[in-house]
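Overview (structure and organization)
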Amino acid sequence: MITGDLKNKIDAVWNSFWSGGISNPLEVIEQVTYLLFIRRLDELQTRAEKKARVTGKIENPTFLPGQDHLRWSVFKNSAPEVMYRTVGEEVFPFLRQLGGDDSTFGEHMKDARFTIPTAALLSKVVDMLDDIPMDNRDTNGDLYEYLLSQIASAGKNGQFRTPRHIIEMMVAMTAPAPGDEICDPACGTAGFLVEASEYVREHHADALLNAEQRNHFHHSMFHGYDFDSTMLRIGSMNMLLHGIEAPDIRYRDSLSEGASEDADKYTLILANPPFAGSLDYESTSKELQAVAKTKKTELLFLALFLKLLKPGGRAAVIVPDGVLFGSTKAHKALRTILVEDQKLDAIVKLPSGVFKPYAGVSTAIVFFTKTNSGGTDDVWFYDVQTDGFSLDDKRNPIEANDLADVVARWKTLSGKDSPERARARTDQSFLVPKADIVAQGYDLSINRYKEIEYDEVEHRPPLDIIADIEALNGEIAAGVAELKEMLS
Amino acid sequence: MVELGSVCTITMGQAPSGDSYNGSEDGLPLIAGAGDFMNGTILPKKYTTRPTKVCKPGDIVLSIRASIGAKVPADADYCLGRGVAGLTAGPELDSSYLWHFLSKAERELFSKGKGATFLQVNRADISELEIPLPPLDEQRRIAAILDQADAIRTKRRQTLAHLDDLSRSIFRGAIEGRDWSGRVEGIAEVQIGPFGSLLHKHDYINDGIPVINPMHLVDGKITVDRSFSVSPEKAAGLTAFRLIEGDVVLGRRGEMGRAGLVKREHVGSLCGTGSMILRPREGIVPEYLHALMASVRMKDHLKRNSLGATLPNLNSDIVRNAPVPELAEDQQKSYRSRNECIARMAEAVQRALAADDELFAALQSRAFRGEL
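Given the structure is predicted, the values throughout are model-derived calculations rather than measurements.

A few words now on the overall build of chain A. Along the backbone of chain A there are 19 helices and 11 strands. Looking at chain A residue by residue over its 488 residues, the buried ones come to 51%. In chain A, the proportion of contacts linking residues at least 24 apart, taken out of those at least 6 apart, comes to 73%. A total accessible area of about 21700 Å² is found for chain A, and carbon and sulfur atoms account for 51% of it.

Bringing the nonpolar core into the picture now. Residues and elements named next belong to chain A. The biggest cluster of nonpolar side chains holds 46 residues, and the ones touching the most others in it are M169, M173, F222, V348, I365 and W380. By residue number, the principal contributor to this core is helix α8 (residues 164-174), which donates 7 residues. Not counting the four nearest positions on each side in its chain, V348 is found in contact with M169, M173, A364, I365, F367, W380, Y382, V384 and V406. Counting residues in hydrophobic clusters, the runner-up holds 44 residues, among them V13, V87, M109 and I132.

Here we take up the interface of chain B and chain A. Contacts between the two partners involve 29 residues from chain B, matched on the other side by 25 residues from chain A. At the boundary of chain B with chain A, total buried surface from both sides reaches about 2600 Å², with 69% on carbon and sulfur atoms. Inspection of the region where chain B meets chain A yields 1 salt bridge. Listing elements by their share of the side of chain B that touches chain A, those giving two or more residues are α4 (136-175), α8 (296-305) and α10 (329-367) of chain B. The element best represented in the side of chain B that touches chain A is α4(B), accounting for 18 residues. Here the residues of the side of chain B that touches chain A are counted per class, giving 13 nonpolar, 7 polar and 9 charged.

Remark: the empty space left among the atoms is shown by a probe the size of a water molecule rolled over them. All names here are of chain B. The calculated volume of the second largest pocket comes to roughly 1700 Å³. Along its surface, the second largest pocket is lined by 47 residues, and S167, D219, G220, K221 and H290 are the ones closest to its centre. Of all the elements in the fold, those that place two or more residues in the lining of the second largest pocket are α4, β18 (217-218), β19 (221-222), β22 (259-261), α7 (286-293), α8 and α10. With 10 residues, α10 is the single largest residue contributor to the lining of the second largest pocket. Looking at the lining of the second largest pocket residue by residue, the class counts come to 19 nonpolar, 10 polar and 18 charged.

All names here are of chain A. It is at 10 Å that the axes of helix α1 (residues 4-19) and helix α6 (residues 119-131) come closest, and there the two elements cross at 160°. Between α1 and α6, the crossing angle belongs to the class labelled roughly antiparallel. The two elements α1 and α6 cross, and the hand of that crossing is left-handed. Residues K9, I10, V13, S16 and F17 of α1 touch α6, and the partners they reach there are L121, K124, V125, M128 and D131.

What counts, and where the lines are drawn
- Residues numbered from 1 in each chain as written.
- Chains lettered and ligands numbered in written order.
- Predicted model: local features only at pLDDT ≥ 70, side-chain atom pairs only at ≥ 80, totals over all residues.
- Heavy atoms only, no water.
- Helix = DSSP H or I, 4+ residues; strand = E, 2+ residues; numbered from the N terminus.
- Buried < 20%, exposed > 50% of the residue type's maximum accessible area, 1.4 Å probe, protein only.
- Contact = heavy atoms within 4.5 Å.
- Areas by Shrake-Rupley, 256 points an atom, 1.4 Å probe, with all protein chains shown as cover.
- Core = buried A, V, L, I, M, F, W, Y, C linked by side-chain atoms within 4.5 Å.
- Buried area = accessible area lost by both parts, 1.4 Å probe.
- Salt bridge = Lys/Arg side-chain N within 4 Å of Asp/Glu carboxyl O.
- Nonpolar A, V, L, I, M, F, W, Y, C, P; charged D, E, K, R; others polar.
- 1 Å grid on protein atoms, 1.4 Å probe; cavity = no way out; pocket = protein on both sides within 12 Å on 5 of 7 lines; lining within 4 Å.
- Points joined across faces, edges and corners; volume = space filled by probe spheres on them.
- Axes fitted to C-alpha atoms, helices over the stretch in contact; angles between N-to-C directions.
- Parallel < 35°, antiparallel > 145°, perpendicular 65-115°, else oblique.
- Left-handed = near helix turned anticlockwise from the far one by under 90°.

Pasting the structure below:
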């Protein structure tokens, strides 16, 4: 958590950006990302130099002789004007040619642009970033998370930042293991991947002691794709700062033809793919269209996930409600595949305010396992009523919160005598046998299966009411007589 | 006749300073305006620790802004806000007589209202009202007569409310304990209204064949709006959507469970885009079908199964699959005859209520002309 002094510092920098003329939060984060990267380059070089004292030779130096003034530790001490000139005219061109760093991140830097408008602002930001201890993974990650939480606008292509507590729930439910290959094909700021990495660190600390495992963790466990280069930079910086050395965060239009090479590659997919996004229909993968002939990105992404997963791989995907009941051919085909050919595990219905204030869209999380041979027995449904925040545009924290219960109940499911098996359809969660889903034409909306206890309004027996009417009639008659008397 | 101001004290309300407001029941309750009146009693939302103008129990609190003339009797001390005035009857005036006088003068007072955003009356407007001032005993006699006549119509309204309950209770009795394993499709043919493309904006005319949309289904009845209609030629091309006697029209957008029964006078009207037609199958009594579709349980079911994020929407599948109880035809008929009996009674009470209102108005006007 970022609190107190540090938080105030970041807020102050944020305000400086605003008053300095950069008001787009994405751009602010992008500029901070560059600066953090520049600082990291310096630290890598310092580490290499330390090593060189023993070995006598610097391996893969980032800065060549004569480039020392481009190093963070050097320019941070110069006067603001000098620093501004150095960073703008030399460090950024250097960054752009760098292209290497042996990571995809260096690749994202090749179109780096320096847009901080004044020397004063630059020196303020550099001071602030320099104050933050970089050797602490938690602080780095938290700092970045804090910045990311300021991205408050929906993207043009139907992207929404997934609320962190929903991500946490999905990760807790899918419980990533050290051997997993995790992919988010629409990764944005890489929130799912970051959370998954933290989960593995926390629950499988031992596994990371093993060199091979550690190598897997840092180099081949996490994969994220996006087609927004700003998001890619931010996403990979987010991973980097959360201590993943070389995450595979790449440019890829996941729905296009080119995406087919990764078929059967991943064991876990966590995603909130864009809905109602714009789509370049012409270049959309024919293979995906063969599964679902549609222009709906949410359906094409589901088809993609089915392809990307290894048999036995699992997925947790946020979808708009319409996926569960939509009546087009593509909708029905996809649902039939999930139920008949794969193993549909669960549908967790979210309250419609989760993405407010950006969208009031009603969503659900679909959990499935790729089997290519069916295996759906009972599908678990959970009707989330509250996620711990008010469901209006304000999203104020509130006491009621179902999310912990979702995870707790889900974890009992594998047990033979799980209480879930005994739950009635009037409960908040329950199991529905496959046959019932087939009978409903593969409709997966929870309302199809949930039974409501109707508490009828209590009506008095008719004769009681009639007695009252009779009494009233008597009173009316007497009243009229009395009134007549009064008037005569 | 004297001016009201000469026989009664008028206290014009005044807003207390904003920082004295609180919701924690500290100080005196504040009546800001008629918004704090609720069914003839006072329901204050705020309190103030520094009341400006105060009324005493027995005073009449009169709204002087917007809903000018609305009034409630004060049952305790209240702070009077800017939207109200407090009236205290003087020694020559009976407060019950004053109450009835204010009812009668409501229209006159309202006509004095001035203001651009909302109408408002001032102290002079109230004070200048002319009130006949017979001796106190006479005032009390007049007030007693009006009280009596008012009590009669209040009881009549209660009777009407009871008949409403009775009707629901009878329906509930008919379906109580039944097996809800049936489906709407088993008891009625379901036909969704014409698609928007079949009915264009330019098709709408005045005084043609009425089109029935959810807004025309009010309190379980079809209320035709002649300005919402199409030409006979247009209607002739949409035969599948013409209504026949005994059909039930169900709204499929917005508020769920709006349903109306097609009576003889609605035959030939068109089902609108926002509605659907339920045509009872053989052996199904239309009145029963109507009551079923409008029932609380059906409404709940439809609401839960409706689609659409902004505007709830029903498709014909949802309605076809909605669960219904099994009920034999003779039981449906017995429900219908009971219901018809209640409806006849309600109609009679409704007419009696109209007579009560007329009687009260007649007495009121005579009372203040000195003819009672």
